[in-house]
Amino acid sequence: MGGFRSLPARAARWRPEQGIGLEHVSLGPAPTGFLIRGTIIGELGGSPYGVFYRLSCDDAWRTRSLILAATSGRSIDIRSDRQGHWHEAGGRPLDHLDGAIDVDLAGSAFTNTLPIRRLKLAEGACSGELTMVYVPFDTFRPVPDHQIYTCLEQGSLYRYEAADRSFTAELPVDEDGLVRDYPTLFRRIPVDIS
């Protein structure tokens, strides 16, 4: 499985390198794949925000659905056929997202896990350009975003690149494919569940 163990139920947390905030994620197996529930608090342009998200993935880590709700009252509920076609929960197609399999949420270290787990890249292998459903927290409007992942050390280190080369980061991950640290953006912090 690309160097990763079978995913147990677990929790993880990250804090931003700059400013105040926290992402807390609970994830684990579900009857038809994996279920991820997360909460992110932070600030954007000096304004505080809080969001809750629920991601459902199949057993190959392809996103089935995303529900994202802000404490301000804004929300989205989008679904995927897992083949790169998206629609709103009510059925309206989101053709501008065609080709996207994974979701990338602003302010989230967790969502890098989705392509890392799904792709199962061998050491030295590159994903090529991927289309992501990117959701910025200022607009809550999902847009396509193009990214590239390269496996530097199988099961432990990956390079993330914006396809336009405007940003690159080397992401160390744990045995479950969860980012340990995201240089300049996020740092993993311990979760005590005792």
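My aim in this report is to walk through the structure given alongside it, one point at a time. (Residues numbered from 1 in each chain as written. Predicted model: local features only at pLDDT ≥ 70, side-chain atom pairs only at ≥ 80, totals over all residues. Heavy atoms only, no water.)

## Re the overall build of the chain
Part 1 of the reasoning: Counting its regular elements, the chain contains one helix and 14 strands.
Part 2 of the reasoning: The globule rule puts the C-alpha radius of gyration for 194 residues at 16 Å, and the 16 Å found for the chain is close to it.
Part 3 of the reasoning: When its C-alpha atoms are laid out on the principal axes, the chain stretches across 40 × 40 × 35 Å.
Part 4 of the reasoning: Each of the 194 residues in the chain was classed as buried or not, and the buried ones make up 46%. (Helix = DSSP H or I, 4+ residues; strand = E, 2+ residues; numbered from the N terminus. Rg over C-alpha atoms; globule rule 2.2 N^0.38 Å. Buried < 20%, exposed > 50% of the residue type's maximum accessible area, 1.4 Å probe, protein only.)

## Details of the packing of aromatic side chains
Part 1 of the reasoning: Throughout the structure, instances matching the rule amount to nine aromatic pairs.
Part 2 of the reasoning: Ring geometry for Tyr160 versus Tyr182: centroids 6.5 Å apart, planes at 55 degrees, classification tilted. With Tyr160 in strand E11 (residues 157-162) and Tyr182 in strand E13 (residues 181-182), this residue pair connects regions lying 22 residues apart in the sequence.
Part 3 of the reasoning: Since its relative accessible area comes to 7%, Tyr160 is described here as buried.
Part 4 of the reasoning: Given a relative accessible area of 6%, Tyr182 falls into the buried group.
Part 5 of the reasoning: Here Phe167 and Tyr182 contribute two aromatic rings whose centre-to-centre distance is 6.3 Å and whose plane-to-plane angle is 25 degrees, an arrangement assigned as stacked. Within this pair, whereas Phe167 is found in the loop between E11 and strand E12 (168-172), its partner Tyr182 is found in strand E13, the two being separated by 15 residues in sequence.
Part 6 of the reasoning: Connected via pairs of aromatic rings, a cluster forms that spans Tyr149, Tyr160, Phe167, Tyr182 and Phe186. (Phe/Tyr/Trp six-rings, centres within 6.5 Å; stacked < 30°, edge-to-face > 60°.)

## Description of the sheet that holds strand E14 (residues 186-189)
Part 1 of the reasoning: One open sheet holds the nine strands; their spatial order is E7-E6-E5-E4-E3-E2-E1-E14-E13, and the pairing between them is antiparallel. Unpaired on one side and paired on the other, strand E7 (86-88) and E13 mark the two borders of the sheet.
Part 2 of the reasoning: Sheet analysis places strand E4 (residues 47-57) next to strand E5 (residues 63-70), joined by seven bridges and oriented antiparallel. Pairing of Leu55 across the sheet is with Leu66, part of E5. (Pairing = 2+ DSSP bridges.)

## Points about the layout of surface pockets
Part 1 of the reasoning: Roughly 600 Å³ of internal volume is contained in the largest pocket.
Part 2 of the reasoning: Along its surface, the largest pocket is lined by 35 residues, and Ala106, Gly107, Ser108, Leu185 and Phe186 are the ones closest to its centre.
Part 3 of the reasoning: For the lining of the largest pocket, the secondary-structure elements that each account for two or more residues are strand E1 (10-16), strand E2 (22-30), strand E3 (33-44), strand E8 (102-105), strand E10 (143-153) and E11.
Part 4 of the reasoning: Per-element accounting of the lining of the largest pocket gives the leading share, five residues, to E3. (1 Å grid on protein atoms, 1.4 Å probe; cavity = no way out; pocket = protein on both sides within 12 Å on 5 of 7 lines; lining within 4 Å. Points joined across faces, edges and corners; volume = space filled by probe spheres on them.)

## Focus on the state of the cysteines
Part 1 of the reasoning: Counted by the stated rule, this structure contains zero disulfides.
Part 2 of the reasoning: Its sulfur unpaired, Cys57 is 20 Å from the next cysteine sulfur, which belongs to Cys151.
Part 3 of the reasoning: Cys151 carries a free sulfur, and the closest cysteine sulfur to it, the one in Cys126, is 11 Å from it. (Disulfide = S-S within 2.5 Å.)

## Thoughts on the nonpolar core
Part 1 of the reasoning: Grouped together as the largest cluster of nonpolar side chains are 49 residues, with contacts concentrated most on Trp14, Ile36, Tyr53, Leu66, Leu68 and Phe110.
Part 2 of the reasoning: Setting aside anything within four residues of it in sequence, one finds Phe110 in contact with Trp14, Glu23, Val25, Leu27, Ile36, Tyr53, Leu55 and Leu178. (Core = buried A, V, L, I, M, F, W, Y, C linked by side-chain atoms within 4.5 Å. Contact = heavy atoms within 4.5 Å.)

## Re unusual backbone geometry
Part 1 of the reasoning: Even without being glycine, Phe140 reaches a positive phi, approximately 60 degrees.
Part 2 of the reasoning: In this structure Phe140 comes out as buried when scored by relative accessible area, which is 5%.
Part 3 of the reasoning: Even without glycine at this site, Thr184 takes up a positive phi of about 75 degrees.
Part 4 of the reasoning: Locating Thr184 in the fold gives a position in the loop between E13 and E14.
Part 5 of the reasoning: Here Thr184 falls in the exposed class, since its relative accessible area comes to 58%.

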